[in-house]
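# Summary of the model geometry
One letter stands for each residue in the lines below.
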Amino acid sequence: MNHARIVGTGSYLPEKVLTNVDLEQMVETTADWIVERTGVEERHVAAPGETTCDLSEQASRHALEAAGVEARDIDLIIIGTTTPDHVFPSVATQLQHRLGCRGGAAFDVQAVCSGFVYALDIAYRFIRTDGAQRALVVGADTFTRIINWQDRGTCILFGDGAGAVVLEKADQPGIIDSQLHADGRYKELLWVPAGVSSGYEQTRENAAFVEMRGSEVFKVAVHTLKEMAEQILAANGLTVADVDWFIPHQANRRILSATAKRLGLPEERMVDCVRIHGNTSAASIPLALDVAVRDGRIQRGDTLLLEGFGGGFTWGAVLLKY
Ligand code: COA
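About the criteria used
Residues numbered from 1 in each chain as written. Predicted model: local features only at pLDDT ≥ 70, side-chain atom pairs only at ≥ 80, totals over all residues. Heavy atoms only, no water. Near = heavy atom within 4 Å. Polar contact = N/O pair within 3.5 Å; in protein donor to acceptor, adjacent residues only side chain to side chain. Areas by Shrake-Rupley, 256 points an atom, 1.4 Å probe, with all protein chains shown as cover. Pairing = 2+ DSSP bridges. Helix = DSSP H or I, 4+ residues; strand = E, 2+ residues; numbered from the N terminus. Axes fitted to C-alpha atoms, helices over the stretch in contact; angles between N-to-C directions. Contact = heavy atoms within 4.5 Å.

### Considering the site of the ligand
Contacts to the ligand come from 23 residues, most closely from T29, R37, R152, G214 and N252. One of the side-chain N or O atoms of T29 is found 2.6 Å from a nitrogen atom in the ligand. Interatomic distance of 2.5 Å between a side-chain N/O atom of N252 and an oxygen atom of the ligand. Protein burial of the ligand: of its 950 Å² of free accessible surface, 71% is covered by the chains.

And the structure:
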(Lines give C-alpha, C1' and ligand atoms only; values in the text may rest on other atoms or scores of the structure.)
Protein backbone atom coordinates (compact mmCIF):
# COMPACT_ATOMS: atom_id res chain seq x y z
CA MET A 1 0.00 0.00 0.00
CA ASN A 2 1.06 3.59 -0.62
CA HIS A 3 2.19 6.08 1.97
CA ALA A 4 0.94 9.67 2.12
CA ARG A 5 2.65 12.85 3.31
CA ILE A 6 1.76 16.48 3.78
CA VAL A 7 3.58 18.55 1.17
CA GLY A 8 2.12 21.97 1.95
CA THR A 9 -0.01 23.81 4.49
CA GLY A 10 -2.07 27.01 4.33
CA SER A 11 -4.58 28.92 6.38
CA TYR A 12 -6.81 31.95 6.36
CA LEU A 13 -8.48 34.11 9.00
CA PRO A 14 -11.18 36.70 8.30
CA GLU A 15 -10.06 40.31 8.76
CA LYS A 16 -12.37 41.31 11.57
CA VAL A 17 -11.04 40.68 15.08
CA LEU A 18 -13.41 40.45 18.03
CA THR A 19 -11.66 41.07 21.35
CA ASN A 20 -12.72 40.21 24.87
CA VAL A 21 -13.25 43.91 25.48
CA ASP A 22 -15.72 43.91 22.57
CA LEU A 23 -17.52 40.98 24.22
CA GLU A 24 -17.81 42.94 27.46
CA GLN A 25 -20.17 45.25 25.55
CA MET A 26 -22.27 42.32 24.32
CA VAL A 27 -22.78 40.02 27.33
CA GLU A 28 -22.29 40.16 31.07
CA THR A 29 -18.66 39.10 31.30
CA THR A 30 -15.19 40.52 31.79
CA ALA A 31 -12.11 40.25 29.60
CA ASP A 32 -10.21 38.85 32.60
CA TRP A 33 -12.81 36.12 33.23
CA ILE A 34 -12.61 34.99 29.59
CA VAL A 35 -8.79 34.84 29.59
CA GLU A 36 -8.62 33.07 32.91
CA ARG A 37 -11.25 30.41 32.07
CA THR A 38 -10.50 29.90 28.36
CA GLY A 39 -7.16 31.48 27.39
CA VAL A 40 -8.90 33.24 24.47
CA GLU A 41 -8.01 36.92 24.02
CA GLU A 42 -9.35 37.46 20.51
CA ARG A 43 -11.00 35.62 17.65
CA HIS A 44 -11.70 36.38 13.99
CA VAL A 45 -15.23 36.76 12.66
CA ALA A 46 -16.27 36.38 9.01
CA ALA A 47 -17.65 39.54 7.39
CA PRO A 48 -21.32 39.59 6.36
CA GLY A 49 -21.54 37.57 3.16
CA GLU A 50 -18.13 35.94 3.68
CA THR A 51 -18.66 32.18 3.65
CA THR A 52 -16.96 28.95 4.60
CA CYS A 53 -16.11 28.43 0.92
CA ASP A 54 -14.45 31.86 0.80
CA LEU A 55 -12.26 31.00 3.78
CA SER A 56 -11.52 27.53 2.38
CA GLU A 57 -10.47 28.99 -0.96
CA GLN A 58 -7.91 31.33 0.59
CA ALA A 59 -6.47 28.63 2.85
CA SER A 60 -6.33 26.17 -0.06
CA ARG A 61 -4.54 28.60 -2.36
CA HIS A 62 -1.90 29.15 0.34
CA ALA A 63 -1.48 25.38 0.83
CA LEU A 64 -1.18 24.75 -2.92
CA GLU A 65 1.41 27.51 -3.21
CA ALA A 66 3.41 26.13 -0.28
CA ALA A 67 3.29 22.66 -1.84
CA GLY A 68 4.22 23.94 -5.30
CA VAL A 69 1.22 22.04 -6.64
CA GLU A 70 -1.18 23.21 -9.35
CA ALA A 71 -4.88 22.95 -8.58
CA ARG A 72 -5.40 20.85 -11.71
CA ASP A 73 -3.23 18.13 -10.14
CA ILE A 74 -5.60 17.71 -7.17
CA ASP A 75 -7.82 14.65 -7.63
CA LEU A 76 -9.60 14.62 -4.27
CA ILE A 77 -11.02 17.42 -2.08
CA ILE A 78 -12.40 16.78 1.40
CA ILE A 79 -13.59 19.56 3.67
CA GLY A 80 -14.38 19.11 7.36
CA THR A 81 -17.12 21.62 8.14
CA THR A 82 -20.31 22.03 10.13
CA THR A 83 -21.18 25.40 8.61
CA PRO A 84 -21.50 24.86 4.84
CA ASP A 85 -22.56 27.70 2.53
CA HIS A 86 -25.62 25.71 1.40
CA VAL A 87 -27.61 22.70 2.51
CA PHE A 88 -26.32 21.38 -0.79
CA PRO A 89 -24.18 21.27 -2.86
CA SER A 90 -21.17 20.67 -0.62
CA VAL A 91 -18.53 23.31 0.01
CA ALA A 92 -15.97 20.92 -1.49
CA THR A 93 -17.62 20.90 -4.91
CA GLN A 94 -17.80 24.70 -4.92
CA LEU A 95 -14.17 24.93 -3.87
CA GLN A 96 -13.23 22.54 -6.65
CA HIS A 97 -15.00 24.78 -9.17
CA ARG A 98 -13.32 27.93 -7.85
CA LEU A 99 -9.88 26.35 -7.99
CA GLY A 100 -10.52 25.11 -11.50
CA CYS A 101 -9.90 21.42 -10.96
CA ARG A 102 -12.59 19.08 -12.21
CA GLY A 103 -13.59 15.45 -12.13
CA GLY A 104 -12.03 14.15 -8.90
CA ALA A 105 -14.18 13.32 -5.88
CA ALA A 106 -15.13 16.28 -3.68
CA PHE A 107 -17.22 16.09 -0.53
CA ASP A 108 -17.74 17.52 2.95
CA VAL A 109 -17.36 15.63 6.21
CA GLN A 110 -19.39 16.61 9.26
CA ALA A 111 -17.66 15.70 12.50
CA VAL A 112 -17.79 19.19 14.08
CA CYS A 113 -14.47 20.07 15.73
CA SER A 114 -12.98 16.70 14.71
CA GLY A 115 -13.81 17.46 11.06
CA PHE A 116 -10.26 18.06 9.88
CA VAL A 117 -8.90 14.90 11.49
CA TYR A 118 -11.77 12.92 9.96
CA ALA A 119 -11.10 14.47 6.54
CA LEU A 120 -7.36 13.80 6.78
CA ASP A 121 -7.95 10.18 7.79
CA ILE A 122 -10.26 9.62 4.83
CA ALA A 123 -7.89 11.27 2.35
CA TYR A 124 -5.06 9.14 3.74
CA ARG A 125 -7.09 5.98 3.14
CA PHE A 126 -7.92 7.07 -0.43
CA ILE A 127 -4.22 7.56 -1.18
CA ARG A 128 -3.21 4.32 0.59
CA THR A 129 -5.44 2.33 -1.74
CA ASP A 130 -4.72 4.24 -4.97
CA GLY A 131 -8.09 6.01 -4.93
CA ALA A 132 -6.27 9.35 -5.23
CA GLN A 133 -2.76 10.67 -5.85
CA ARG A 134 -2.96 14.16 -4.40
CA ALA A 135 -5.64 15.44 -2.04
CA LEU A 136 -6.60 18.84 -0.74
CA VAL A 137 -7.79 18.43 2.84
CA VAL A 138 -9.47 21.41 4.49
CA GLY A 139 -10.92 22.25 7.89
CA ALA A 140 -13.12 25.35 7.64
CA ASP A 141 -15.93 26.85 9.67
CA THR A 142 -17.89 30.06 10.08
CA PHE A 143 -18.97 28.84 13.48
CA THR A 144 -19.89 32.33 14.68
CA ARG A 145 -22.94 32.09 12.39
CA ILE A 146 -24.46 29.46 14.70
CA ILE A 147 -23.56 31.23 17.93
CA ASN A 148 -26.11 32.89 20.16
CA TRP A 149 -24.45 36.23 20.91
CA GLN A 150 -26.54 36.53 24.07
CA ASP A 151 -25.19 33.28 25.54
CA ARG A 152 -22.04 34.15 27.50
CA GLY A 153 -21.26 30.46 28.07
CA THR A 154 -20.60 29.87 24.34
CA CYS A 155 -20.09 33.19 22.50
CA ILE A 156 -16.76 33.83 24.22
CA LEU A 157 -15.18 30.65 22.87
CA PHE A 158 -15.64 30.48 19.12
CA GLY A 159 -14.16 32.14 16.04
CA ASP A 160 -14.01 31.63 12.26
CA GLY A 161 -11.18 30.42 10.04
CA ALA A 162 -9.84 27.80 7.66
CA GLY A 163 -6.76 25.63 7.33
CA ALA A 164 -5.70 23.31 4.51
CA VAL A 165 -3.05 20.77 3.63
CA VAL A 166 -2.00 19.07 0.40
CA LEU A 167 -1.58 15.34 1.02
CA GLU A 168 0.39 13.43 -1.58
CA LYS A 169 1.27 9.84 -2.38
CA ALA A 170 4.79 9.01 -1.11
CA ASP A 171 7.30 6.18 -0.73
CA GLN A 172 7.82 6.81 2.99
CA PRO A 173 5.43 7.93 5.76
CA GLY A 174 4.13 10.65 6.09
CA ILE A 175 1.19 9.57 8.04
CA ILE A 176 2.16 6.78 10.42
CA ASP A 177 -1.27 5.99 11.82
CA SER A 178 -4.74 7.45 12.07
CA GLN A 179 -7.69 6.57 14.30
CA LEU A 180 -11.26 7.86 14.39
CA HIS A 181 -13.94 7.40 17.05
CA ALA A 182 -17.43 8.55 18.00
CA ASP A 183 -19.95 8.08 20.79
CA GLY A 184 -23.40 9.46 20.03
CA ARG A 185 -24.57 9.26 23.65
CA TYR A 186 -23.16 12.72 24.27
CA LYS A 187 -25.32 14.56 21.73
CA GLU A 188 -26.90 17.04 24.10
CA LEU A 189 -23.71 18.20 25.77
CA LEU A 190 -22.75 20.15 22.66
CA TRP A 191 -25.18 20.59 19.78
CA VAL A 192 -27.48 22.71 17.65
CA PRO A 193 -30.93 21.31 18.39
CA ALA A 194 -32.48 21.99 14.94
CA GLY A 195 -31.41 20.57 11.57
CA VAL A 196 -32.58 20.05 8.02
CA SER A 197 -34.91 17.14 8.84
CA SER A 198 -35.75 18.30 12.34
CA GLY A 199 -37.05 21.75 13.15
CA TYR A 200 -35.74 23.39 9.97
CA GLU A 201 -39.08 25.16 9.33
CA GLN A 202 -39.12 26.75 12.78
CA THR A 203 -35.58 28.06 12.35
CA ARG A 204 -36.90 30.65 9.89
CA GLU A 205 -38.52 32.53 12.76
CA ASN A 206 -36.43 31.28 15.60
CA ALA A 207 -32.84 30.58 14.64
CA ALA A 208 -31.12 27.55 16.15
CA PHE A 209 -27.77 28.02 17.83
CA VAL A 210 -25.05 26.06 19.59
CA GLU A 211 -25.99 24.85 23.06
CA MET A 212 -23.33 23.49 25.37
CA ARG A 213 -22.90 22.10 28.87
CA GLY A 214 -19.39 23.51 29.17
CA SER A 215 -18.02 21.94 32.31
CA GLU A 216 -19.22 18.45 31.29
CA VAL A 217 -17.69 18.84 27.82
CA PHE A 218 -14.48 19.97 29.47
CA LYS A 219 -14.09 16.80 31.52
CA VAL A 220 -14.79 14.37 28.68
CA ALA A 221 -12.48 16.33 26.36
CA VAL A 222 -9.47 16.16 28.67
CA HIS A 223 -9.98 12.49 29.44
CA THR A 224 -10.50 11.56 25.77
CA LEU A 225 -7.57 13.57 24.40
CA LYS A 226 -5.23 11.98 26.94
CA GLU A 227 -6.46 8.40 26.40
CA MET A 228 -6.39 8.74 22.62
CA ALA A 229 -2.82 10.07 22.59
CA GLU A 230 -1.58 7.20 24.73
CA GLN A 231 -3.47 4.66 22.61
CA ILE A 232 -2.14 5.74 19.21
CA LEU A 233 1.43 6.15 20.50
CA ALA A 234 1.44 2.72 22.17
CA ALA A 235 -0.02 1.11 19.03
CA ASN A 236 3.00 2.40 17.13
CA GLY A 237 5.66 1.59 19.71
CA LEU A 238 6.16 5.26 20.59
CA THR A 239 5.91 7.35 23.75
CA VAL A 240 5.13 10.97 24.46
CA ALA A 241 8.89 11.63 24.41
CA ASP A 242 8.90 10.78 20.67
CA VAL A 243 6.38 13.54 19.83
CA ASP A 244 8.07 16.74 18.66
CA TRP A 245 4.80 18.68 18.35
CA PHE A 246 1.40 17.97 19.84
CA ILE A 247 -1.41 19.82 18.00
CA PRO A 248 -4.72 19.23 19.77
CA HIS A 249 -8.02 20.83 18.81
CA GLN A 250 -7.77 24.41 20.07
CA ALA A 251 -10.85 24.34 22.31
CA ASN A 252 -9.72 26.07 25.46
CA ARG A 253 -6.29 26.73 27.01
CA ARG A 254 -7.26 24.91 30.20
CA ILE A 255 -8.24 21.79 28.24
CA LEU A 256 -4.92 21.90 26.40
CA SER A 257 -2.87 22.45 29.55
CA ALA A 258 -4.68 19.74 31.52
CA THR A 259 -4.20 17.26 28.66
CA ALA A 260 -0.49 18.06 28.30
CA LYS A 261 -0.01 17.72 32.05
CA ARG A 262 -1.74 14.34 32.22
CA LEU A 263 0.34 13.11 29.30
CA GLY A 264 3.56 14.39 30.88
CA LEU A 265 4.16 16.44 27.75
CA PRO A 266 5.98 19.78 28.25
CA GLU A 267 3.72 22.62 27.10
CA GLU A 268 6.58 24.02 24.96
CA ARG A 269 6.00 21.05 22.61
CA MET A 270 2.30 21.82 22.19
CA VAL A 271 1.10 24.25 19.52
CA ASP A 272 -1.34 26.61 21.21
CA CYS A 273 -3.16 29.24 19.15
CA VAL A 274 -6.17 29.51 21.46
CA ARG A 275 -5.23 33.04 22.52
CA ILE A 276 -5.45 34.48 19.01
CA HIS A 277 -7.92 32.17 17.24
CA GLY A 278 -10.38 30.94 19.87
CA ASN A 279 -12.11 27.68 18.96
CA THR A 280 -12.48 27.64 15.16
CA SER A 281 -14.02 24.14 15.14
CA ALA A 282 -12.78 22.06 12.17
CA ALA A 283 -10.28 24.78 11.23
CA SER A 284 -8.43 24.81 14.51
CA ILE A 285 -5.90 22.02 13.91
CA PRO A 286 -4.85 22.91 10.34
CA LEU A 287 -4.70 26.59 11.36
CA ALA A 288 -2.38 25.79 14.28
CA LEU A 289 -0.33 23.46 12.08
CA ASP A 290 0.13 26.15 9.44
CA VAL A 291 1.09 28.78 12.02
CA ALA A 292 3.80 26.52 13.48
CA VAL A 293 5.09 25.46 10.06
CA ARG A 294 5.35 29.05 8.85
CA ASP A 295 7.00 30.40 12.01
CA GLY A 296 9.61 27.64 11.74
CA ARG A 297 8.76 25.66 14.87
CA ILE A 298 7.75 22.58 12.88
CA GLN A 299 10.54 21.23 10.70
CA ARG A 300 10.60 18.48 8.08
CA GLY A 301 11.06 15.11 9.78
CA ASP A 302 9.37 16.17 13.02
CA THR A 303 6.88 13.75 14.56
CA LEU A 304 3.47 15.36 14.99
CA LEU A 305 0.42 14.20 16.88
CA LEU A 306 -2.84 15.84 15.80
CA GLU A 307 -5.93 15.28 17.95
CA GLY A 308 -9.49 16.35 17.27
CA PHE A 309 -12.45 16.37 19.64
CA GLY A 310 -15.95 17.65 18.97
CA GLY A 311 -19.71 17.41 19.15
CA GLY A 312 -21.26 13.97 18.91
CA PHE A 313 -18.91 13.29 20.54
CA THR A 314 -16.40 12.58 17.81
CA TRP A 315 -12.67 12.28 18.26
CA GLY A 316 -9.64 11.19 16.28
CA ALA A 317 -5.87 11.26 16.13
CA VAL A 318 -3.34 11.36 13.30
CA LEU A 319 0.29 10.54 13.99
CA LEU A 320 2.71 11.63 11.28
CA LYS A 321 6.21 12.55 10.21
CA TYR A 322 6.06 16.02 8.75
N1 COA B 1 -18.45 35.46 31.97
C2 COA B 1 -18.65 35.45 33.29
N3 COA B 1 -19.21 34.41 33.94
C4 COA B 1 -19.57 33.33 33.20
C5 COA B 1 -19.37 33.28 31.81
C6 COA B 1 -18.78 34.40 31.19
N7 COA B 1 -18.54 34.45 29.89
N8 COA B 1 -19.79 32.09 31.37
C9 COA B 1 -20.25 31.40 32.43
N10 COA B 1 -20.11 32.16 33.53
C11 COA B 1 -20.48 31.83 34.91
C12 COA B 1 -21.57 30.78 34.99
O13 COA B 1 -22.84 31.35 34.83
C14 COA B 1 -21.36 30.25 36.38
O15 COA B 1 -21.94 31.14 37.30
P16 COA B 1 -22.72 30.58 38.59
O17 COA B 1 -21.65 29.87 39.39
O18 COA B 1 -23.23 31.82 39.21
O19 COA B 1 -23.77 29.67 38.05
C20 COA B 1 -19.84 30.33 36.57
O21 COA B 1 -19.38 31.25 35.58
C22 COA B 1 -19.15 29.01 36.40
O23 COA B 1 -19.67 28.40 35.25
P24 COA B 1 -19.07 27.09 34.64
O25 COA B 1 -19.78 26.74 33.36
O26 COA B 1 -18.95 26.03 35.69
O27 COA B 1 -17.61 27.66 34.30
P28 COA B 1 -16.37 26.89 33.76
O29 COA B 1 -15.21 27.13 34.61
O30 COA B 1 -16.70 25.47 33.42
O31 COA B 1 -16.08 27.69 32.42
C32 COA B 1 -16.39 27.31 30.09
C33 COA B 1 -17.03 27.72 31.40
C34 COA B 1 -17.42 27.30 28.98
C35 COA B 1 -15.30 28.34 29.77
C36 COA B 1 -15.74 25.92 30.26
O37 COA B 1 -16.65 25.03 30.84
C38 COA B 1 -15.26 25.34 28.98
O39 COA B 1 -14.45 25.92 28.28
N40 COA B 1 -15.69 24.11 28.64
C41 COA B 1 -15.29 23.43 27.46
C42 COA B 1 -16.05 23.95 26.30
C43 COA B 1 -15.45 23.55 25.01
O44 COA B 1 -14.25 23.56 24.84
N45 COA B 1 -16.30 23.23 24.05
C46 COA B 1 -15.92 22.87 22.74
C47 COA B 1 -15.35 21.51 22.71
S48 COA B 1 -15.05 21.03 21.07
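### Regarding the sheet that holds strand β7 (residues 161–170)
Strand pairing in a sheet relies on backbone hydrogen bonds, with the paired strands running either antiparallel or parallel. Spatially, the 5 strands line up as an open sheet ordered β1-β7-β6-β4-β5, and their pairing is mixed. Edge positions in the sheet fall to β1 (3–12) and β5 (105–109), since each has one partner strand and no second. Put simply, the sheet's adjacent strands are angled 15 degrees from each other on average, direction ignored. The sheet contact formed by β1 and β7 spans 9 bridges and is antiparallel. Across the sheet, S11 pairs through a bridge with G163, a residue of β7. Relative to β1, helix α3 (residues 52–67) is tilted by about 125 degrees, and along the sheet it contacts β1, β4 (76–80), β6 (134–141) and β7. Relative to the sheet, helix α5 (residues 115–128) contacts β1, β4, β5, β6 and β7, its axis offset from that of β6 by approximately 170 degrees.

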